[in-house]
Amino acid sequence: MREQYLSDFDFELPQELIAQYPLENRTASRLLHVTRDVMEDGTFTDIEKYLRPGDLLIANNTRVIKARLLGKKETGGAVEALIERVTDETHAISMLRASKSPKPGTKLFFGNAVVTVMGREGQFFELAFERPVLDVLDEEGHVPLPPYIEHEDSKNDETRYQTVYAQYPGAVAAPTAGLHFTEELLTRLKAKGVEIAYVTLHVGAGTFQPVRVEKLSEHHMHSEWYRMPEDVAEAINRAKAEGRRVVAVGTTSLRTLESAADRPGHVVAGARDTALFITPGYEFKIVDALVTNFHLPKSTLLMLVSALVGRKRILEAYRHAVESRYRFFSYGDACFLERDPEAAKNID
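Predicted, not measured: the structure shown is a model, and the values here were computed from it. (Residues numbered from 1 in each chain as written. Predicted model: local features only at pLDDT ≥ 70, side-chain atom pairs only at ≥ 80, totals over all residues. Heavy atoms only, no water.)

1. Considering the pattern of salt bridges
Oppositely charged side chains may form a pair once their charged atoms are brought near each other. A full pass over the atoms with the stated rule returns 21 salt bridges. Glu 16 is the salt-bridge partner of Arg 325, the closest N and O atoms lying 3.5 Å from each other. A residue pair is termed long-range when its members are at least 10 positions apart, and Arg 325 in the loop between helix H8 (311-323) and strand S19 (334-338) and Glu 16 in the segment before strand S1 (30-34) qualify at 309 residues. Salt-bridge contacts for Asp 288 lead to Lys 240; the nearest nitrogen and oxygen are separated by 3.0 Å. (Salt bridge = Lys/Arg side-chain N within 4 Å of Asp/Glu carboxyl O. Helix = DSSP H or I, 4+ residues; strand = E, 2+ residues; numbered from the N terminus.)

Rendered as structure tokens:
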């Protein structure tokens, strides 16, 4: 297989197409349906006609935590923390932004919360909280909106940057494909005969880290924690054995499904970390189709969707989306991508 390069996954995106706010109605977003042979514009409720009775829809029920903390050091200097992962009740791994990197033992003050810097590994700091981390985040934290959203977080973001089925707190970024679903739409899909189940992957801040190498073989993927419940694993294995489609809602659900696969058509239950990096040429073991938003140029997520339907096809779809004025990224519009079985054989 030939070497793949970062520049293979670039496209021109006008700044004004980056959605800064969500639409009032979750299902009002547009939806671009892409297969090997079809490219069709519609609205998100068209997902009802693209999903078939018997399909198994897998979504990520992680809950976004208010992971951004603004405070001061003992010296009075400003410090900003972005929690990457809560490791136990009173400890977390975090990125820190300050004029000088805090040393071990430094006290940080976020409102009424006192936090001690315990150590550092690479870009991440280990923090010890005097009270439960999640309590402090609920009281003092801000919604960690992505860096390309330019306004400060608001009360509206606390609900809209969260899926309607969010359950387990731990993510520092939303699984944004799920933001388009409402309870009513999920109920209609179930009535149609679509089976719905949930996995958990806590999205980390690493999802926004740019790829800094030109050769993709030299990129080290960030790690994220996921859980595949036993009953969901059984449902997936049953669907694959019966020849029914497994449809992932979002790239996080897709990475969970493919990370949990021990062979084609079969997943194993359990909780573990994954650093799976999917690029064109990858042979999918579980996922047949994907609901997803539009992704950043040169991002690992653009590489993932290129693996699903082919790089040239994805870039065609993205050019069409730009020309048609689709809204991009977290608060933007969506795609429904059906896997091209030939994509894995051709990475050009």
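Here the narrative resumes, following the displayed structure.
2. Brief notes about the sheet that holds strand S10 (residues 124-129)
The sheet built from six strands closes into a barrel, its strands ordered S5-S6-S7-S10-S9-S8 with antiparallel pairing. Shown here is a sheet whose adjacent strand axes are inclined to one another by a mean of 45°, direction ignored. Taken together, the four bridges between strand S7 (residues 91-98) and S10 define a ladder with antiparallel strand orientation. Looking at S10, one finds that His 91 is bridged to Ala 128. (Pairing = 2+ DSSP bridges. Axes fitted to C-alpha atoms, helices over the stretch in contact; angles between N-to-C directions.)

3. Quick notes on helix H7 (residues 300-309)
Counting buried positions along H7 yields 10 of 10 residues, so the element is predominantly enclosed. Those residues of H7 not exposed but buried are Thr 300, Leu 301, Leu 302, Met 303, Leu 304, Val 305, Ser 306, Ala 307, Leu 308 and Val 309. On its buried face, H7 sits against helix H6 (251-260), strand S18 (289-293), H8 and S19. At the exit of H7 stands Gly 310, carrying a positive phi of roughly 105°. (Buried < 20%, exposed > 50% of the residue type's maximum accessible area, 1.4 Å probe, protein only. Contact = heavy atoms within 4.5 Å.)

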